[in-house]
Amino acid sequence: MPSEHLVLGFDTSAAHCAAALLSGERLLTERLEPMTRGQAERLMPLLEDVLAEAGIEWADLTAIGVGVGPGNFTGIRIGVSAARGLALGLGIPAVGVTGCAARARLAPGATVGIPAPRDQLYLCDAAAPDAVPRLVDRTEAGDVLAEPSPAGLAEAIARIAAERWRDVTAPPAPLYARAADAAPSRDAPPVLLD
Amino acid sequence: MARTLTILGLESSCDDTAAAVLRQTENAPADILSSIVYDQAELHVAFGGVVPELAARAHAEKLDICVREALSAANTELGDLDAIAVTAGPGLIGGVMSGVMCAKGISAATGLPLIGVNHLAGHALTPRLTDGIAFPYLMLLVSGGHCQFLIARGADEFSRVGGTIDDAPGEAFDKTARLLGLPQPGGPAIEAEAQKGDATRFPFPRPLLDRDDCNLSFSGLKTALLRLRDKVVAEKGGLTRQDRADLCAGFQSAVADVLAEKSRRALRLYMAEAPTQPVLAVAGGVAANQTIRKALQDVCDEAGAAFTAPPLALCTDNAAMIAYVGLERFRSGARDGLDLVPRPRWPLDRISPALLGSGRKGAKA
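Remember, it's a predicted structure, so these values are computed and weren't measured experimentally. (Residues numbered from 1 in each chain as written. Chains lettered and ligands numbered in written order. Predicted model: local features only at pLDDT ≥ 70, side-chain atom pairs only at ≥ 80, totals over all residues. Heavy atoms only, no water.)

As for the pattern of salt bridges
- Tallying each qualifying case throughout the model produces 31 salt bridges over all chains.
- Arg42(A) serves as the salt-bridge partner of Asp49(A), at 3.3 Å between the closest nitrogen and oxygen.
- For Arg42(A), a relative accessible area of 24% gives the class partly exposed.
- Notably, a salt bridge pairs Lys262(B) with Asp213(B), separated by 3.3 Å at the nearest N-O pair. Of this pair, Lys262(B) sits in helix α8 (residues 241-271) while Asp213(B) is found in the loop between α6 (186-194) and α7 (219-236), placing the two residues 49 residues apart along the sequence.
- Looking at Lys262(B), the relative accessible area reads 0%, which means it is buried. (Salt bridge = Lys/Arg side-chain N within 4 Å of Asp/Glu carboxyl O. Buried < 20%, exposed > 50% of the residue type's maximum accessible area, 1.4 Å probe, protein only. Helix = DSSP H or I, 4+ residues; strand = E, 2+ residues; numbered from the N terminus.)

This is the structure:
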């Protein structure tokens, strides 16, 4: 039984599955697989590979960290749902880490803009990396931090989770930062005469 | 020795988040230890139908909570389980993915076997869960998303004898309710109005009765309803409550007639196989409609088949039926890996040609 706390961090918020395993401060293993589809099939086997490579069992984990976005809606739901299932099954805390907080950890003080559809960015507040970022046009954002490697992102998520797992009060929830596309019904009801 | 199995089921393929715990000793009836359903009706009410993205958002944040509640209501712990069954399709893919990922997380964490279940098999095997019906039986699956006749021959063996070529009847009920200013879900609202109405006043078509097969169509009924409504509105400047009740009665009667006549034809095909204890079972939300039930009962009486409809809570989406399919499949040795693929489309009958969505992505259901 290792004496250091073991924390597994992972992220599927864009076109990848990325994971990193920490023992205390030390990075044991990490894994990155770029993919535009198939995260739901690949994520769990990839996490098992990460653990196996380090000779760790699921039951050895102290906590889980997961990227909650913003990013691809389906991707962040895949990560969050897996993390919540793992937390339930293992009886350990899962920590939701925003894309802003993870990037701020990699580049403290930088202006962070996370790619969004239609040439927009989720612009993070450097002073409040856990806050909901603003959706802005790319041209409006000015110079932002270049996108980090997803493996680095997973490691940052694991490091933040390693700091916060004791204080977790709520399960991870997706940070969409953008409303769902949904329009009210166009069927107008008829006038009632009586 | 008879083996007792305890299975956790998860369901999230449309607008209900559900979890259930089922226990069965071999050759004895299964016990539903708990069946928890969180419905999302309020979330979708302003949109007049289920919005896939909103449904997916709700599932992702409720599934694990629902599982905890189901375990606690069943007075069980994860350690008491033998396997985890989860809906892996067909359905709204965002919700299906959340369910599959949550189930995979629990499975990886506990080492419990994972079994991906076809949602339609859940409905189709429910008569075995509730009434212990023997194969082969004829199944009419009739809901907001589906309409098909299946001969169930085994837990994993279904022959489709017919189905809708366009909309499901539940969808048509919902649309009709919207067009008449009635609340959602449309089924119960229209049934209540229809009781006050004259089903013979408005001429509704009986689609596809001129074709000798068991296929159905409901989109024309929606158009007919709209035309008849607009005609009255053009004459009077609106609808009276009586007009509305008569439109509901006429519409409901057309749906019931079509389902009954096509059931008669499906029964003829099924009875030709000389089943020893012939049964027509119905499942899905539309099976709650009393006029439709009565029409199906009459058709069965005429054909010499028994008629059965599971209790409403097990007719509509739930996870007990998913756990039950998991149980039957577990006993037959089925297991899935952590690479289980969530599928938006997954026809129960893999042999019959597709009626719906037969394009690039393959048959829908």
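Considering the packing of aromatic side chains
All names here are of chain B.
- Taken as a whole and assessed by the stated rule, the structure comprises four aromatic pairs over all chains.
- Arranged with centres 5.8 Å apart and planes meeting at 10 degrees, the rings of Phe-135 and Tyr-137 form a pair that is stacked.
- By relative accessible area, Tyr-137 is classed as buried at 0%.
- Consider the rings of Phe-173 and Phe-251, whose centres lie 5.1 Å apart with planes at 85 degrees: the pair is edge-to-face. Linking Phe-173 in helix α5 (residues 169-179) with Phe-251 in helix α8, this pair joins segments that are 78 residues apart in sequence.
- Classification of Phe-251 as buried rests on a relative accessible area of 0%. (Phe/Tyr/Trp six-rings, centres within 6.5 Å; stacked < 30°, edge-to-face > 60°.)

As for the domain arrangement of chain B
All names here are of chain B.
- For chain B, the assigned domains read domain 1 (4-126 + 314-331) and domain 2 (135-312).
- A C-alpha centroid distance of 27 Å is found between domain 1 and domain 2.
- Listed as interface residues are 13 residues of domain 1 and, on the opposing side, 20 residues of domain 2.
- Carbon and sulfur atoms make up 69% of the surface buried where domain 1 meets domain 2, a total of about 1,400 Å² over both sides.
- Its largest share of buried area at the contact with domain 2, domain 1 owes to Leu-120, Ala-124 and Cys-315, together 38% of the area lost on that side.
- Our count for the domain 1 to domain 2 interface comes out at zero salt bridges.
- Where domain 1 meets domain 2, there are seven residue pairs in polar contact (both at pLDDT 80 or more).
- It is helix α4 (residues 119-131) that provides the largest number of residues to the side of domain 1 that touches domain 2, a total of six residues.
- Class assignment of the residues belonging to the side of domain 1 that touches domain 2 gives a composition of six nonpolar, five polar and two charged. (Domains from an automatic or database assignment. Contact = heavy atoms within 4.5 Å. Buried area = accessible area lost by both parts, 1.4 Å probe. Polar contact = N/O pair within 3.5 Å; in protein donor to acceptor, adjacent residues only side chain to side chain. Nonpolar A, V, L, I, M, F, W, Y, C, P; charged D, E, K, R; others polar.)

Describing the interface of chain B and chain A
- Listed by partner, the interface residues are 44 residues for chain B and 38 residues for chain A.
- In this assembly, chain B packs against chain A so that about 3,400 Å² is buried in total across both faces, 65% of it on carbon and sulfur atoms.
- One can count three salt bridges joining chain B with chain A.
- In this structure, Asp194(A) engages Arg241(B) in a salt bridge whose closest nitrogen and oxygen atoms are separated by 4.0 Å.
- Among the elements of the structure, α2 (52-73), α3 (93-110), α5, α7 and α8 of chain B are those that each provide at least two residues to the side of chain B that touches chain A.
- Classifying every residue of the side of chain B that touches chain A gives 23 nonpolar, eight polar and 13 charged.

Some points on the sheet that holds strand β1 (residues 6-11) of chain A
All names here are of chain A.
- Reading across from one edge, β3-β2-β1-β4-β5 is the order of the five strands in this open sheet, with mixed pairing throughout. A strand with exactly one partner marks an edge of an open sheet, and here the two such strands are β3 (26-34) and β5 (94-97). Across the sheet, the mean angle from the axis of one strand to that of its neighbour is 15 degrees, orientation sign disregarded.
- Looking at chain direction, strand β4 (residues 63-67) and β5 are connected through four bridges and run parallel. Of the residues in β5, the one forming a bridge with Gly-65 is Val-95. (Pairing = 2+ DSSP bridges. Axes fitted to C-alpha atoms, helices over the stretch in contact; angles between N-to-C directions.)

Structural notes on the nonpolar core
Residues and elements named next belong to chain B.
- Core analysis: the largest hydrophobic core is formed by 89 residues, its most contacted members being Tyr-137, Phe-204 and Leu-259.
- Here the element with the most residues in this core is α8; it accounts for 13 residues.
- Shared between two domains, this core holds at least three residues of each, these being domain 1 (4-126 + 314-331) and domain 2 (135-312).
- With residues up to four places along the chain from it excluded, the contact list for Tyr-137 reads Ala-124, Leu-125, Pro-127, Arg-128, Leu-150, Ile-151, Ala-152, Tyr-270, Val-279 and Ala-281. (Core = buried A, V, L, I, M, F, W, Y, C linked by side-chain atoms within 4.5 Å.)

A few points about the UniProt feature "binding site: substrate" (unreviewed entry) in chain B
All names here are of chain B.
- UniProt's entry tags Leu-141, Val-142, Ser-143, Gly-144, Gly-145, Asp-174, Gly-187, Glu-191 and Asn-289 with the feature "binding site: substrate" (unreviewed entry), counted in the numbering of this structure.
- Tracing the backbone shows Ser-143 in the loop between β6 (137-142) and β7 (147-154).
- In this structure, Ser-143 is in contact with Ala-168, Pro-169, Gly-170, Glu-171, Gly-284, Gly-285 and Val-286, ignoring residues within four places of it in sequence.
- Separated by 3.2 Å, the side chain of Ser-143 and the backbone nitrogen of Gly-145 make a polar contact.
- Given the relative accessible area of 45%, Gly-145 is considered partly exposed. (UniProt positions renumbered as here; feature names shortened; annotations may be inferred.)

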